[in-house]
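Spelled out, the chains give:
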Amino acid sequence: MDWKQIEEKWQKRWAEAGVFEADPDPEKKKYYLTVAYPYPNSPQHIGHGRTYTLTDVHARYRRMQGYNVLFPMAWHFTGTPVMAMVDRLKDGDPDLLDTFLNLYNIPRDRLHELETPVGMATYFAQEIKSGMQRMGFSIDWRREFTTIDPIYSKFIEWQFAKLREKGFIIQGSHPVGWCPKCGNPVGQHDTIGDKEPEIEEFTVIKFRRGDTYYPAATLRPETVFGVTNMWLNPDALYVEVRVDDENWVVSAEAANKLQFLGHKVEVVSEFQGKKLIGGALTVPMTGNEIPILPATFVDPKNATGVVMSVPAHAPFDYVALEQLKNEPKKFFDDYGLKQSEIAKLKPISLIELPGWGESPAVDIVEKMGIVDQEDPKLEKATKEIYSQEFHNGRLRGNTGQYAGLPVERAKDAVKEDMIADNGATTMYELIEQVMCRCGSDVLVKIFENQWFINYGDASWKELAHENLDAMEIIPRELRQEYVHVIDWLDRKACARNVGMGTPLPWAPDWIIESLSDSVIYMAYYTVIKDINRMNPDPGVLDEAFWDYIYLGEGSIGEVSEATGIPPEELEAIHAQFEYFYALDARHSGRDLIPNHLTFMVFNHDAIFPREKWPRGIIVNGSVLMEGQKMSKSMNNIIPLANAIDRFGTDPLRLALMITAEPLKDADFSPDLARSMADNLEKFYTRSMETIASPADDDFELHEIDLWMLSRLQSYLRDANEAMVEMKVRKTIHAALYDLNKDLDWYTKRVESQRERGSRRKAIQHVLRTLVETQVRLLTPFTPHLCEEIWEAMGNEGFAAFAPWPKPDEDMVRHDAEELETVIRDSIEDVQKITQVTGITPSKIHFYTATGWKWKVYLKAMKLAKAGNLDIGTLIRESFKDDELRAHNKEVPAFARVVVEDVTRTPAETLNRRLKMGIVDVTSLIEDASGFFESEFKCEVIAGNESDPWIHDPAKRASKAKPFRPAIFVE
Ligand SMILES: [Zn+2]
């Protein structure tokens, strides 16, 4: 199959006809969807393909539903992702050079073009655009822009002016994720693995030895009452430091961090942790003395490097302490510890938890069978205990004034009292360590005079919740995640000192960062094409201009005068926005929920009136390669351009869409893509064969034809239901696999009838209907191949705009479907018999059930429907009938069989069969005898068990049941 030729042909035709260019059309309902514009800092690989392909599938599906669909694209030049890549390239990073030159085949003589941010972004924007075009994405390219365009900057200035007017921009000190090497705040897009640096305020409890403090950071300050010992890493470097006016002992790394947190820090001395082991510390609140014990698990990079141990409520501490007790004597001698003293350390329980024993941590460790610190179950155990105790725990009598308080309240009370007493302080720290793209660890820095967007504003959060409540969230299961993020978001640093981007209008030393200049740009696509047409001096596009085109505010005359744009053109620009906005669907990867997607909601709600708020968000998981994460080190990245060359666009699109439901990671493999190509090729071949025979309206449909058309409706129902939630895997399965299975069956069933004139026409009608429907179902997924078939069918216009197929309830024939199961089951029964006996059949006898059996069967189904089917009742009911009484020898045994059968039959089938009444199965099998004969290459005879002429040497006939004939093979 020449995929390339077909792809290029249709891409050219679409482009020439401008079919994906959308403008306002008052006759048509619009559908506006977008997907995150890429940072052009490297070429695309197939991992990028999923989110963009799904968006395209969605756009195409909506077009077929009759919407006027706008799907635009642009380029995110601003921010650190492009800049960081340029820096790595200029540093001659060998890994990056290898990736660019050998993986993506960037010509060596063009590398120099990539050594400036604009150069690199321009180069890759072209590369990515060509990939998107080759993927057949149905984008309106007339609306393309970059985020460093001067007009875009004016638009971002307007956004920030609006936020500031509403009081959502504040200046102050605040902790931010910070890269000490880059000298910049760090957000999710700046970190390796795209991890959001999540900052939490820890309580730092000051354990004391003389006038020196050993500060231990914790999220559970109330557990200070249960501390049995301190953990220090004997192999790590610790320092004694003056912190402000106190002496502290912390890890060397922590001393460095404290400076970024705004403390005055002066190192007094340095030593190995080993030196401190065995020392005694005083616990604040209780005054208890506890020992310092060695623990190599203590990470000096984590918080202060000083860790308190609460074995009754922290599974990890319990396991570590028990393991320590079992060390050989020499171990203790080396540290100058007394083994007998340590053996005496017992968990001190301070929280009472209903349903749990004295020490919940001990309980869960035993229940889960955890024996050492390496056990991955420890993490789960810790989370479980933390959450249970937080929600259901109360403090015990050994906590003084806090006794009886729920943990939820005691936590803050203990913390505040300790702080007031100088027994504790606080410290900002990352919940999980993350690395900047430059390779250095991200720290927390208290940032002075920083500009923030205040997502912590309560009134603003209310608007965001209101918007979210009205929004369609796909997949639905994720709604709670958005709720959580809205609640949790606080101040977000929105500007930095370096990089490409728009200066803050009132403080031009600051550049607006890239998670803040990309939150309302969906509105920009709607207007930029017509603004560009006017070619204004960007400098004149002030707040009044944007106020008019987005909000309809101000005087059009004044705006026209100030900008030189004629009033009717201003109106036209405003009308584009009015028509296409609000945004109906935002597509993205799931990882952007905690920032970009939620920021988008907030910013729209601040700036635009309710009717322009976003209406839907659709996210999906990522792509794995043969079950593995794609990465350079795994050597399993396939550049998108290579994948298109190797597999063809349509097979690639199908492979990306078919493997996973929205929330799961898609598992790509070259074999999968090749099998998609085979499937599509078969589909194409069969379609073309069908199309080649002429259609004829003069036909009469038989049961088997009605069966096929009825099955088609049920797949259409499946496909339609699936598309509502973009569960495209289900749609493809229905359209390609399930339907094809039935089509194979149908083809076999009618094989022997095809040459008969009147049958030929009916079969041709069924096959054409199927092709015509399947093509439309597959068009959003494999648009090029489908256009090819659509055209061959003699259709006018593009498949891309053909109506999306919907089920036709008039064509649903439950009786035809029931009858066909008789044929299917019979085939299977014969196959089983020939397999078991090894007979090559020379004759097959079908014996169908006699009339009185049908009567019993129908009575049984009626009773089952009424909910009182049992053998006794069935026999009693049967004997009310004269004919059945005449069979009083046989009825009870048969009734037993029927009760078993009917009990196992789904209610839906029972209903259908009840409606059908007594069926002439003998004629049914006689009609299909041609099919049976060609399947088994022998004569087939059907007769009722009561017919006197039947040949029944094996005495099988009496086994016949209403929907299941008995069989004898000779
Ligand atoms: Zn860095």
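Structure: see above.
This structure is a prediction, so every number in the text was calculated from the model and none was measured.

Definitions and cut-offs
- Residues numbered from 1 in each chain as written.
- Predicted model: local features only at pLDDT ≥ 70, side-chain atom pairs only at ≥ 80, totals over all residues.
- Heavy atoms only, no water.
- Pairing = 2+ DSSP bridges.
- Helix = DSSP H or I, 4+ residues; strand = E, 2+ residues; numbered from the N terminus.
- Contact = heavy atoms within 4.5 Å.
- Axes fitted to C-alpha atoms, helices over the stretch in contact; angles between N-to-C directions.
- Donors = N, O, S within 2.8 Å, 3.2 Å for Na, K, Ca; no water.
- Tetrahedral: all angles 85-135°; square planar, octahedral: opposite > 155°, others 65-115°.
- Buried < 20%, exposed > 50% of the residue type's maximum accessible area, 1.4 Å probe, protein only.
- Parallel < 35°, antiparallel > 145°, perpendicular 65-115°, else oblique.
- Left-handed = near helix turned anticlockwise from the far one by under 90°.
- Nonpolar A, V, L, I, M, F, W, Y, C, P; charged D, E, K, R; others polar.
- Salt bridge = Lys/Arg side-chain N within 4 Å of Asp/Glu carboxyl O.
- Patch = residues over 30% accessible without salt bridge, like charges linked within 9 Å, V, L, I, M, F, W, Y side chains within 5 Å.
- Areas by Shrake-Rupley, 256 points an atom, 1.4 Å probe, with all protein chains shown as cover.
- Lys, Arg positive; Asp, Glu negative; His and termini not counted.
- Charge placed at Lys NZ, Arg CZ, Asp CG, Glu CD.

Peer 1: What is the right way to look at the sheet that holds strand S17 (residues 443-454) in this model?
Peer 2: Strand pairing in a sheet relies on backbone hydrogen bonds, with the paired strands running either antiparallel or parallel. With antiparallel pairing, four strands are arranged side by side in an open sheet as S4-S3-S17-S19. Of all the strands in the sheet, just strand S4 (184-185) and strand S19 (491-493) have a single pairing partner and so form its edges. Inspection of the sheet shows strand S3 (residues 169-179) paired to S4 by two bridges, in the antiparallel sense. Within S4, the residue paired with Cys179 across the bridge is Asn184. Contacts from helix H7 (residues 252-260) reach S3 and S17 within the one sheet, and its direction differs from that of S17 by about 25 degrees.

Peer 1: Looking at this structure, how should I read the coordination of the zinc ion?
Peer 2: Octahedral six-donor coordination of a metal ideally yields angles of 90 or 180 degrees, compared with 109.5 degrees for tetrahedral four-donor coordination. Protein ligation of the zinc ion involves Cys179 (SG), Cys182 (SG), Cys436 (SG) and Cys438 (SG), the donor distances falling in the range 2.2 to 2.3 Å. Viewed at the metal, the four donor atoms of the zinc ion are separated by angles of 105 to 114 degrees, and the geometry they form is tetrahedral. Going along the chain, you hit the donors of the zinc ion in the pattern C-x2-C-x253-C-x1-C. Highlighted residues: Cys179 in strand S3 and Cys438 in the loop between strand S16 (424-430) and S17, separated in sequence by 259 residues. Exposure remark for Cys438: the relative accessible area of 28% places this residue in the partly exposed category.

Peer 1: Just to check I follow, could you spell out the sheet that holds strand S23 (residues 585-589) for this structure?
Peer 2: Strand order in the open sheet formed by five strands is S2-S1-S23-S24-S18, with parallel pairing between adjacent strands. Of all strands in the sheet, those bounded by a partner on one side alone are strand S2 (68-70) and strand S18 (472-474). Neighbour to neighbour, the strand axes of the sheet diverge by 15 degrees on average, direction disregarded. Two strands pair when backbone bridges link them, and strand S1 (residues 30-35) and S2 are joined in this way by three bridges, in the parallel orientation. The partner of Tyr31 across the bridge, within S2, is Val69. Each of S1, S2, S23 and strand S24 (616-620) touches helix H2 (residues 46-64); the most contacted strand, S1, lies at about 175 degrees to it.

Peer 1: I keep staring at the packing of helix H29 (residues 851-866) against helix H30 (residues 871-878) and nothing clicks. Help me out?
Peer 2: Between two packed helices, what matters for the description is the angle formed by their axes and the separation of those axes. Two elements in contact, H29 and H30, have axes whose closest approach is 10 Å; the angle formed by their N-to-C orientations is 130 degrees. Judged by the inter-axis angle, H29 sits oblique to H30. The chirality of how H29 crosses H30 is right-handed. Residues Val856, Lys859, Ala860 and Leu863 of H29 lie in contact with H30, whose contacting residues are Thr873, Leu874, Glu877 and Ser878. Classifying every residue of the contact of H29 with H30 gives four nonpolar, two polar and two charged.

Peer 1: I keep staring at unusual backbone geometry and nothing clicks. Help me out?
Peer 2: Most of the time, phi is negative for any residue but glycine, and the peptide bond is trans. Of the consecutive residues Ile474 and Pro475, the connecting peptide bond is found in the cis state with omega at -5 degrees. Despite not being glycine, Asp194 shows a phi value in the positive range, around 50 degrees. Using a relative accessible area of 32% as the deciding quantity, one classes Asp194 as partly exposed. Phi angles above zero are rare outside glycine, and Lys955 is one such case at about 55 degrees.

Peer 1: Where do I start with the pattern of salt bridges in this structure?
Peer 2: Any two side chains of opposite charge can pair if their charged atoms end up close together. Going through the model one piece at a time under the given rule, you end up with 70 salt bridges. For the salt bridge of Lys330 with Asp334, the shortest nitrogen-to-oxygen distance reads 3.1 Å. Of the two residues, Lys330 and Asp334 are both situated in helix H9 (residues 329-335); the distance of four residues between them amounts to about one turn of the helix. A relative accessible area of 57% places Lys330 in the exposed class. When the shortest N-O distance is used, the salt bridge between Lys492 and Glu513 registers 3.8 Å. On the criterion of sequence distance, the pair formed by Lys492 in strand S19 and Glu513 in the loop between strand S22 (507-512) and helix H16 (522-534) is long-range, its members being 21 residues apart. No difference in accessibility class separates Lys492 from Glu513, as the two residues are buried.

Peer 1: Help me out: how do you make sense of the packing of H16 against helix H17 (residues 543-551) in this one?
Peer 2: Contact geometry of H16 with H17 gives a least axis separation of 11 Å together with a crossing angle of 110 degrees. It follows from the interaxial angle that H16 and H17 lie roughly perpendicular. When the axes of H16 and H17 are compared, the crossing they make is right-handed. Of the residues in H17, those touching H16 at Ala523, Tyr524, Val527 and Ile531 are Phe545, Trp546, Ile549 and Tyr550. Looking at the contact of H16 with H17 residue by residue, the class counts come to eight nonpolar, no polar and no charged.

Peer 1: Please clarify how the pairing of strand S6 (residues 212-218) should be interpreted in this entry.
Peer 2: Along any regular strand the residues' side chains alternate between the sheet's two faces. Most of S6 is tucked away, with six of its seven residues classed as buried. Pairing of strand S5 (residues 199-209) with S6, which is carried by seven bridges, proceeds in the antiparallel orientation. Bridging across to S6, Lys206 finds its partner in Pro215. Between S5 and S6, which pair antiparallel and follow one another directly, the connecting turn spans two residues, one of which, Gly210, has a positive phi of 60 degrees.

Peer 1: Hey, could you run me through the environment of Ile348 in this one?
Peer 2: Looking at where Ile348 falls in the secondary structure, it is placed in the loop between helix H10 (339-343) and strand S14 (351-352). When its relative accessible area of 29% is taken as the criterion, Ile348 is described as partly exposed. Ile348 sits 125 residues away from Thr223 along the chain, and the two C-alpha atoms are 9.6 Å apart. If we skip the residues at most four places from it in the chain, Ile348 touches Phe225, Gly226, Val227, Thr228, Ala312, His313 and Asn398.

Peer 1: Which parts of the structure should I look at to understand helix H27 (residues 783-792)?
Peer 2: In an α-helix there are 3.6 residues to a turn, and that puts residues three or four apart on one side. Taking burial as the measure, the ten residues of H27 include eight buried ones, the bulk of the element. Within H27 the residues assigned to the buried category are Pro783, His784, Leu785, Cys786, Glu787, Glu788, Ile789 and Trp790. Contact partners of the buried residues in H27: helix H1 (3-17), H2, helix H22 (649-658), helix H23 (670-692) and helix H26 (757-778). At the exit of H27 stands Gly794, carrying a positive phi of roughly 85 degrees.

Peer 1: Whenever I open this one, a negative patch on the surface confuses me. Can you help?
Peer 2: A grouping of Glu703, Asp815, Asp920, Glu926 and Asp927 is seen on the molecular surface, where their side chains present a negatively charged patch. One can find Asp815 in helix H28 (residues 814-837). Among the residues examined, Asp815 registers a relative accessible area of 35% and is labelled partly exposed.

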